[in-house]
Amino acid sequence: MSIFGIVLFLLLGGMAFWLLLFLLGFAVPFWITLGAIEQLRPKKVFEEEEEA
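Residues numbered from 1 in each chain as written. Predicted model: local features only at pLDDT ≥ 70, side-chain atom pairs only at ≥ 80, totals over all residues. Heavy atoms only, no water.

A.B. asks: Even after reading the chapter, I still don't get the pattern of salt bridges, so can you show me in this structure?
C.D. replies: Pairing of side chains with opposite charge becomes possible as their charged atoms draw close. For the coordinates displayed, the defined rule picks out 1 salt bridge. The partner of Arg41 in a salt bridge is Glu38, with the nearest N and O atoms 3.9 Å apart. For Arg41, a relative accessible area of 48% puts it in the partly exposed group. Residue Glu38 is classed as partly exposed on the basis of its relative accessible area of 40%. (Salt bridge = Lys/Arg side-chain N within 4 Å of Asp/Glu carboxyl O. Buried < 20%, exposed > 50% of the residue type's maximum accessible area, 1.4 Å probe, protein only.)

Structure follows, in structure tokens:
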């Protein structure tokens, strides 16, 4: 039963490690890039209100 606990611990630890690696390597930079592009893009709300 002790071996099962060790294997379960390593499995969960490995899954957490790869999840953090994915988040820090892809998801967070993607999120920051989308936020930066959204901030740099000019807003078109005012142009649509003037046309109407």
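A.B. asks: What should I look at first to understand the packing of aromatic side chains in this one?
C.D. replies: Aromatic ring pairs are described here by two measures, namely the spacing of the ring centres and the angle between the planes. A complete count under the given rule lists 3 aromatic pairs for this structure. A ring pair is formed by Phe26 and Phe30, whose centres lie 5.6 Å apart and whose planes are at 10°; its orientation type is stacked. Of the two residues, Phe26 and Phe30 both sit in helix H1 (residues 2-40), 4 residues apart, roughly one turn of that helix. Given the relative accessible area of 46%, Phe30 is considered partly exposed. An aromatic cluster of three or more residues is present, and its members are Phe22, Phe26 and Phe30. (Phe/Tyr/Trp six-rings, centres within 6.5 Å; stacked < 30°, edge-to-face > 60°. Helix = DSSP H or I, 4+ residues; strand = E, 2+ residues; numbered from the N terminus.)

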